[in-house]
2 protein chains.
Amino acid sequence: VKESDFHDWLYRQGGLDPAKVSLGPGDDMAIVRFPRDDLLVACDQVLDGVHISLAEHGPEAVGRKALARNLSDIAAMAALPTGCVASVALPRGTEQAVAEGIYRGLRELGDSFNCPLVGGDVAVWDHPVAVSVTVFAGPAGATGGITPIRRTGARAGNALCVTGRLGGGWSSDHHLTFTPRVREAIVLALRYRVRAMIDISDGLARDLGRLCEANGLGAEIWADAIPIAEAAATGRDVSPLQAALGDGEDYELLFALPRGQATRAAGDTNVPCGVTEIGRLTKEPGLVLVHADGRREEIEEAGWDHET
Amino acid sequence: VKESDFHDWLYRQGGLDPAKVSLGPGDDMAIVRFPRDDLLVACDQVLDGVHISLAEHGPEAVGRKALARNLSDIAAMAALPTGCVASVALPRGTEQAVAEGIYRGLRELGDSFNCPLVGGDVAVWDHPVAVSVTVFAGPAGATGGITPIRRTGARAGNALCVTGRLGGGWSSDHHLTFTPRVREAIVLALRYRVRAMIDISDGLARDLGRLCEANGLGAEIWADAIPIAEAAATGRDVSPLQAALGDGEDYELLFALPRGQATRAAGDTNVPCGVTEIGRLTKEPGLVLVHADGRREEIEEAGWDHET
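Residues numbered from 1 in each chain as written. Chains lettered and ligands numbered in written order. Predicted model: local features only at pLDDT ≥ 70, side-chain atom pairs only at ≥ 80, totals over all residues. Heavy atoms only, no water.

Turning to the overall build of chain A, a few remarks are in order. Of the regular secondary structure elements, chain A holds nine helices and 13 strands. Relative to a compact globule of 308 residues, whose C-alpha radius of gyration would be 19 Å, chain A shows 19 Å and is just as compact. For the C-alpha atoms alone, the extent of chain A along its principal axes is close to 60 × 50 × 40 Å. Across the 308 residues of chain A, 61% fall into the buried class. For chain A, restricting intrachain contacts to residue pairs at least 6 apart in sequence, the fraction spanning at least 24 positions comes to 82%. (Helix = DSSP H or I, 4+ residues; strand = E, 2+ residues; numbered from the N terminus. Rg over C-alpha atoms; globule rule 2.2 N^0.38 Å. Buried < 20%, exposed > 50% of the residue type's maximum accessible area, 1.4 Å probe, protein only. Contact = heavy atoms within 4.5 Å.)

Structure (structure tokens):
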């Protein structure tokens, strides 16, 4: 099975009652209608040997990353974290200190985002550690007035912006230490008419492709505008630009907003990590990379590929 | 690490803001205070080779059991399911049909309990299948008027009752096919003053021990009153009574209610699986099994042991 195929299949299943489920699978979080409040929920897992190495990175990093990935989904909706639960499968013989370390990594990050760990499950088996975290969030803003920002809602001609710098996810320890852009997303949603947003977890090309697909649009992005991380492509046989386009684990935000607001957003000192305008959404389908010399290159969505 | 030790350690960590988290780890579900609504949440995992065998039982059973265990936690609070998310780790090379089967097993049970699957995560790795499900629930009753029933709240002298029959969890395919007692719990909560409740997942002795500990009480139960499943101890070297006391995977409810209500509850035809009065909560700590001849035997809490 290929993850993306299976996800596509999942999204097609449908059958959810819109009175109860305001937003089903396919966005960064689902939205469940409680009697009065909207509950946003996402879940994501960290598997030893796939997303992290327990032996190399240590238990705190495992717990931290498991929650951080989920907080990045909350950021992508500009929502406010409320709490989380975790299930942890531990290799038989794991020392209590290791189990506590996983918990501590998760808990410390959670506390710093007002996202307490409220429950979970621990089981022991004969295989590597697997941590699955589910986060809950509510609409942000003083009175919950910020409507969660979905992947849909963008228009052709909207500017495309990203936070921070791209391509350093795997080349540095960024994927273990990144700060989910929860606060930045709320600031952006408060100050600009952000039409659609996604977090970049599988590489700019792939996640831009998702944003475009959700809106039935295409995009052109400008090669020399893309903010490339210093560590991009270090020790790897790709160019820094290729790393910024194709590598996963950035956990930055990609969003669309009216063209007239992009310059102001890009200079906004309320977002300390920086915002960069990188292109436009287009009516024509497909992703086009425009080089400094005007050459137009079609981008394959060759982001981080979770295959077989 | 021993699961029970680690759980004990977890429960001691505390530090949760009671204004936001009405009920933290240690009960069947946590309760998170949203602005207006109470969100009940639980998470539980099913690991291939520990809780189930994918090869032997098939993918539908894996998905079904992963959700069913969680629905049993909802039952233990007499709450109403709202939805669920799942993360699934699949062995590399898993066929799409197997992935779909897991989804189908989960989805079919979810739909029959108005508990739609609203999101999740799928990843591929080189190890057996692991499925973690998180469920959300709200207070039950026409206007959400049923306060969720916790493990605490019982008094010495309260009658102890169970639903259904015990001890057949592992000896039959009960652990794959059981119907979580969600409806039964709500009926009981509506018709009786149920003081405290827990689902029996790790064996009567162990889960009764937990109920007693949560209330600072002990219990005596009557050997010849315990409703024993027909399949109890089949093919195993224990007595049916020992199986009913010690075997896990019953997923029946154990609850405490005022003594004067127990006889009526036990004959209540609104609970088709049957309710049986099995003993009393006592001021004296410890669990005592009273045999038909009056002999009193101390019960070790030797339920299903998840060790190392």
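This part takes up empty space enclosed by the protein. Where empty space is left in the structure can be found by rolling a water-sized probe over the atoms. Within the structure shown, the criterion is met by one cavity of 30 Å³ or more. Quantified by volume, the largest cavity comes out at close to 70 Å³. Contributing to the lining of the largest cavity are 13 residues, with A130 and S132 of chain A together with Q45, A130 and S132 of chain B lying nearest its centre. Of all the secondary structure elements, the ones that give two or more residues to the lining of the largest cavity are β3 (38–47) and β6 (130–139) of chain A together with β3 (38–47), β4 (79–91) and β6 (130–139) of chain B. (1 Å grid on protein atoms, 1.4 Å probe; cavity = no way out; pocket = protein on both sides within 12 Å on 5 of 7 lines; lining within 4 Å. Points joined across faces, edges and corners; volume = space filled by probe spheres on them.)

Attention shifts here to the interface of chain B and chain A. Between chain B and chain A, the residue contacts involve 69 residues of the former and 69 residues of the latter. Summing the contributions of chain B and of chain A, the shared interface buries around 5800 Å²; its carbon and sulfur component is 64%. Put simply, chain B and chain A have two salt bridges between them. With a shortest N-O distance of 2.9 Å, D37 of chain A and R36 of chain B are connected by a salt bridge. One can count 15 residue pairs in polar contact (both at pLDDT 80 or more) joining chain B with chain A. Elements that contribute at least two residues to the side of chain B that touches chain A include exactly α1 (3–13), β2 (30–33), β3, β4, α4 (96–112), β5 (117–125) and β6 of chain B. Split by residue class, the side of chain B that touches chain A holds 35 nonpolar, 20 polar and 14 charged. (Buried area = accessible area lost by both parts, 1.4 Å probe. Salt bridge = Lys/Arg side-chain N within 4 Å of Asp/Glu carboxyl O. Polar contact = N/O pair within 3.5 Å; in protein donor to acceptor, adjacent residues only side chain to side chain. Nonpolar A, V, L, I, M, F, W, Y, C, P; charged D, E, K, R; others polar.)

The subject of this paragraph is the sheet that holds strand β1 (residues 21–23) of chain B. Residues and elements named next belong to chain B. Here we have six strands laid out as an open sheet, ordered β1-β2-β3-β6-β4-β5, and mixed in their pairing. With partners counted over all chains shown, the strands left at the sheet margins are β1 and β5, one partner each. Along the sheet, successive strands turn relative to each other by an average axial angle of 25°, direction set aside. Taken together, the eight bridges between β3 and β6 define a ladder with antiparallel strand orientation. (Pairing = 2+ DSSP bridges. Axes fitted to C-alpha atoms, helices over the stretch in contact; angles between N-to-C directions.)

Let's shift gears to the relation of the copies chain B and chain A. For the match of chain B to chain A, the screw axis carries a shift of 0.0 Å, the RMSD comes to 0.0 Å, and the turn is 180°. The two molecules are tied by a two-fold rotation axis, judged by turn and shift. Most of the interface of chain B is mirrored in chain A, where 100% of its interface residues are also at the interface. (Least-squares fit on C-alpha atoms with pLDDT ≥ 70 in both.)

This part is about the sheet that holds strand β7 (residues 159–163) of chain A. All names here are of chain A. The strand order β8-β10-β7-β11-β9-β12-β13 describes an open sheet built from seven strands, whose pairing is mixed. The sheet is open, and its two edges are formed by β8 (196–200) and β13 (296–298), each paired on a single side. Neighbour to neighbour, the strand axes of the sheet diverge by 25° on average, direction disregarded. Examined bridge by bridge, strand β9 (residues 218–222) and strand β11 (residues 275–282) share four bridges and lie antiparallel to one another. Paired with E220 across the bridge in β11 is R280.

Now for the pattern of salt bridges. Two side chains bearing opposite charge may form a pair once their charged atoms approach each other closely. Counted according to the given criterion, the structure contains 36 salt bridges over all chains. Linking D247 of chain A and R236 of chain A is a salt bridge whose minimum nitrogen-to-oxygen distance equals 2.4 Å. Placement of D247 of chain A in the loop between α8 (240–246) and β10 (252–257) and of R236 of chain A in the loop between β9 and α8 is noted, with a sequence separation of 11 residues between them. Overall, D247 of chain A belongs to the buried group, its relative accessible area being 9%. Residue classification places R236 of chain A among the partly exposed positions, given a relative accessible area of 38%. One salt bridge connects D202 of chain B with R210 of chain B, and the closest N-O pair in it is separated by 2.9 Å. With relative accessibility at 11%, the residue D202 of chain B sits in the buried group. Residue R210 of chain B is classed as partly exposed on the basis of its relative accessible area of 27%. Bridged by salt links that share partners, the residues D27, D28 and R151 of chain A form one connected network.

The next point concerns the pairing of strand β12 (residues 287–290) of chain A. Residue and element names in this part refer to chain A. Residues L287 and L289 point to one face of β12 and V288 and V290 to the other, with burial holding for every one of them. As paired strands, β9 and β12 are joined by four bridges and run parallel to one another. Directly across from W222, in β12, lies its bridge partner V290. Hairpin connection from β12 to β13: five residues lie between these consecutive antiparallel strands, with G294 at a positive phi of about 90°.

The side chains of a regular strand alternate, residue by residue, between the two faces of the sheet. All names here are of chain B. With seven of eight residues buried, strand β11 (residues 275–282) is to be regarded as a mostly interior element. Two strands pair when backbone bridges link them, and strand β7 (residues 159–163) and β11 are joined in this way by five bridges, in the antiparallel orientation. What sits directly across from V162, in β11, is T276.

None of the figures reported here should be taken as evidence of function without further support.
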